[in-house]
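These are the residues of each chain, in order.
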Amino acid sequence: MIEFEYLLFLFLGTVLVNNFVLIQFLGICPFLGVSSYVETAFNMGLATTFVMTMTAFIVYLVNTFILEAFNLVFLQYMAFIIVIASLVQLVEMVIRYVSPVLYKALGIYLPLITTNCAIMGMALMIPLEGYNFIESIVFGFAAGVGFTLAIVLIAGLREKLQFEDVPESLQGVPITLIMAGIMGLAFMGFAGMITV
Amino acid sequence: MDSIFIYSVASMGLIAAILAVGLGIASRRLEVETDPRVDEVTDVLPGANCGACGYAGCDGFAEAVVEGKTPVSGCPVGGEDVSEAIADILDLEAGSTEEEVARLLCQGGDKETVSIAHYEGVKSCNAASNISILEKECSYGCIGFGDCEAVCPFDAIEMNENGLPVVDEDACTACNNCVEECPHDLFVLAPLSGKNHIRCFSHDEGKFVRGACDVGCIACRQCVKVCPVDAIEMEDNLAVLDYDTCINCGLCAEKCPMNTIDFYGERVIEIEITEECIGCTRCARECPVDAISGEAKEQHEIDQDICVKCGLCYEVCPAEGAIVKETEDKSQT
C-alpha cells in the first residue's frame, strides 16, 4: 500500500509539481508548434506519452542490465538516442497505419519527437533519480501526461484566442509565449507541495 | 581498457541490432499502401520544401498533383523540366510554364539618387521604411540595406557597390520571398525571357523625379507612344510594362530620355522580306507603322524610311526565311 501511495505521489509530482513543459521548460518546440487546435494537440500528447512510456521502459532495462552491468555509463547518451529514435520511427509507422489523417495533422512534428528534449531529459533523469523498474514506467507515463496536459491547456487557450482582438504585434507566437509564461507562473503555485 | 572497448562496441551493436530488426519487422507488418505515383512525383521534385507552390512541402504538392487538385506546372522552382517529368509520370500533357525570375523595379543606387538625410538606425530596410524621411529623396526607391539579400534562400541576390540588389538569373527560383520582403514592393516576378524592364516604381510627378533621381520615370509617355504592341501603360505617373504583351523589341528603351528602361535583348538593325514571302499579308496587318506594303500572294516590301525596326513582322511571319533580320546584342553594352 505504501508502495502504491508512493507511486501516486510520484505520478502527481511529475504531472503537476515538476511539469516537464511549464516548470522544467523541456519540449517547448512542439508545445508552440502543434498547439493550434485541441484535437491535434491531444493526439501529439498521446504520441509523446506513448514514446515516453516506452522509452522509460526500455531505458531502464538498457541502463541497468547493459550500461551499469558492464560499467558503460558513459555511453548513456548514445544508447538513449538510438532507443528514442527507433521508438519514434515505430510510433510514426503505427500512426500512419492506424490513422493517416492524424499522420497528416501531426506532419513534421511527428519525426521531431526524436529531437524533443523532454524525452531525452526524461530518459536521463531515470538513472539520475535512481528509479526502479515500476517507478521508471510511472515516471515516463507521468511525464507524458504532464506534457499532454500543458499542450492541451495552451491549445484550448489559443483556440479561444482566435476570436479575440489581439494587438497586431503580439499575434501568433508572441502572445502564445506570454500565455505560456503566465501558465508557468500558475504551475509554480504547486511548487513544494509534493517532494518525492 | 580493452575489455571496456569490446563491451562498448558489443553492447551498442547489440542494442542497435535488436532495434533494427524490430523496426524492420514493424515496417513489413505496418506497410501502408500508398499511391506509387506520389513517390515517383516526389522524387522528381526539387525537394527544397520551400512552399512556393502553396502546399506544405514537396510531399504535399506531390499528393495534390496526383489527385489532380493542382496543375503539373504548379512547381515554380522546378520549372518546365519538372512539370514535364511529372506529366510523364501522370501521362498528362505538360502545360508549358514560363520560367520566372525576380526583377528589381528600381535602378536608383547611391550614385544616381539625391541624398537628403543620413540614417543611423538599424541597417534593415523594413526598420528604415517606418521612418517618414529616408536617405534618398525618392520615397519609392530601393532603401539599400539588403533585406532581400538576407531573405533569399538561394543566395541569388547580392547587393552591389552602388547599394542596389543584383539578381542572379540562374540561381533565382522565383520563390517570391524577396517580393514579399521588400517594404517598397520593388520586386516583381517576370518571365526569364523578358529582356526589357522599366526599372522605376516612383509615382511622383515628373518634375520631382527629375530632381531626385537620374534614372527615374518622369512620365513623359514617349515609351507608351512608341510601343508597337501597346504593352506599356501609364499608371499614376509611372510607365508600367505588361510582360505578356511585350515583344522585347527595345524601342521604348531607345526612346526613354531618362534611361529608366533597361533593355538587354537583341535590337533589330536591319530587316527585310525575301523571295520566300508567300504573300499572306499578316506582316502588313501587324506592322504598327504601316511600313509594309504588297498585294496578297505576292512578295511584300518594307519601306525602310518608315520602319521602326521593332521585329514584330518577323515574329508573326508564318513562312520560314521570308523575313530576315540582322540584330545587335544589347546585353554587352
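Counting starts from 1 at the beginning of each chain's written sequence and moves along it residue by residue. Note on labels: chains are lettered from A, ligands numbered from 1, in written order. A pLDDT threshold of at least 70 governs which residues receive local features in this predicted model, and a stricter bar of 80 or more applies before side-chain atom pairs are shown or counted, although totals over entire chains, interfaces and linings include all residues.

(A) Inspection of the overall build of chain B at higher detail. Think of it this way: any DSSP run of H or I at least four residues long counts as a helix, any run of E at least two long counts as a strand, and we number them from the N terminus. Regarding its fold elements, chain B presents twelve helices and twelve strands. Here chain B holds 333 residues, and 33% of them are scored as buried. Exposure criterion: with C-beta atoms placed from backbone coordinates, a residue whose C-beta has 20 or more other C-beta atoms within 10 Å is buried, one with 12 or fewer is exposed, and one in between is partly exposed.

(B) Inspection of the overall build of chain A at higher detail. Along its length, chain A carries nine helices and zero strands. Starting at the N terminus and walking to the C terminus, you meet the elements of chain A as α-α-α-α-α-α-α-α-α. The burial tally for chain A puts 38% of its 196 residues in the buried class. The contact rule is simple: place each C-beta atom from the backbone, and if two of them lie within 7 Å, those residues are in contact. The contacts in chain A between residues at least 6 apart in sequence include a share of 81% that link residues at least 24 apart.

(C) Spotlight on the interface of chain B and chain A. Across the boundary between the two partners, chain B contributes 14 residues, which contact 18 residues of chain A. Per-class residue counts for the side of chain B that touches chain A are eleven nonpolar, three polar and no charged. Lys, Arg, Asp and Glu make up the charged group, whereas Ala, Val, Leu, Ile, Met, Phe, Trp, Tyr, Cys and Pro make up the nonpolar group; the residues left over, Gly among them, are polar.

(D) Geometry of the nonpolar core. Each nonpolar core consists of buried Ala, Val, Leu, Ile, Met, Phe, Trp, Tyr and Cys residues. Their C-beta atoms, within 7 Å, join them into a set. B:Leu186, B:Cys217 and B:Cys252 are the most contacted members of the largest nonpolar core, which has 65 residues in total. Looking at this core, the elements with two or more residues in it are strand 1 (100-104), strand 4 (187-191), helix 8 (206-212), strand 7 (239-241), helix 10 (251-255), strand 8 (261-263), strand 9 (266-273) and helix 12 (312-316) of chain B. Each residue touching B:Leu186, except ones within four places of it in the same chain, is listed here: B:Leu104, B:Leu105, B:Cys106, B:Cys142 and B:Phe201. Counting 54 residues, the second largest nonpolar core, distinct from the first, contains A:Ile119, A:Phe147, A:Leu153 and A:Ala180.

(E) The arrangement of the confidence of the model for chain B in detail. Scored between 0 and 100, pLDDT is the confidence that the predictor attaches to each residue. Summarising the model, chain B shows a mean pLDDT of 84, and 95% of its residues fall at 70 or more. At the level of chain-chain contacts, confidence expressed as ipTM amounts to 0.71, with global pTM at 0.49.

(F) Expanded view of the environment of B:Lys330. Within the secondary structure layout, B:Lys330 lies in the segment after strand 12 (323-329). Residues within four places of B:Lys330 in sequence aside, it is in contact with B:Gly250, B:Phe263, B:Tyr264, B:Gly265, B:Glu266 and B:Arg267.

(G) Representation of the packing of helix 2 (residues 36-44) of chain B against helix 3 (residues 57-66) of chain B within the structure. Residues and elements named next belong to chain B. Angles run from 0 to 180 degrees between N-to-C directions of axes, and those axes are lines fitted to C-alpha atoms, restricted for helices to the stretch in contact. One way to put it is that helix 2 packs onto helix 3 with a least axis distance of 9 Å and a crossing angle of 130°. Relative to helix 3, the element helix 2 is oriented oblique. When the axes of helix 2 and helix 3 are compared, the crossing they make is right-handed. The segment helix 2 lies against helix 3, with Arg37, Val38, Val41 and Thr42 engaging Cys58, Asp59, Ala62, Glu63, Val65 and Val66. Here the residues of the contact of helix 2 with helix 3 are counted per class, giving six nonpolar, one polar and three charged. Here the angle decides the label: under 35 degrees means roughly parallel, over 145 means roughly antiparallel, 65 to 115 means roughly perpendicular, and every other value means oblique. A crossing counts as left-handed when the near helix is turned anticlockwise from the far one by less than a right angle, and as right-handed when that turn is clockwise.

(H) Local environment of unusual backbone geometry. Of note, A:Phe25 is a non-glycine position whose phi angle comes to about 55°, a positive value. Considering the arrangement of structural elements, one finds A:Phe25 in the loop between helix 1 (2-17) and helix 2 (28-33). A residue is classified by how many C-beta atoms lie within 10 Å of it, and A:Phe25, with 15 of them, is partly exposed. The phi dihedral of B:Arg221 is positive, around 70°, even though this residue is not glycine. Structurally, B:Arg221 can be placed in the loop between helix 8 and helix 9 (222-226). For B:Arg221, a count of 12 C-beta atoms within 10 Å corresponds to the exposed category.

(I) Looking closely at the confidence of the model for chain A. Per-chain confidence: chain A averages 87 in pLDDT, with 96% of residues scoring 70 or above. Model confidence for chain A, summarised as mean pLDDT per element, is weakest for helix 6 (residues 109-112) of chain A at 73 and strongest for helix 8 (residues 133-161) of chain A at 93.

(J) Quick peek at the packing of helix 1 of chain A against helix 8 of chain A. Residues and elements named next belong to chain A. At a closest axis distance of 8 Å, the pairing of helix 1 and helix 8 adopts a crossing angle of 30°. The chirality of how helix 1 crosses helix 8 is right-handed. Here helix 1 contributes Leu7, Leu10, Phe11, Thr14 and Val15 to the contact with helix 8, which in turn contributes Ile134, Glu135, Val138, Phe139, Ala142, Ala143, Val145, Gly146 and Leu149. Of the residues belonging to the contact of helix 1 with helix 8, the class tally is eleven nonpolar, two polar and one charged.

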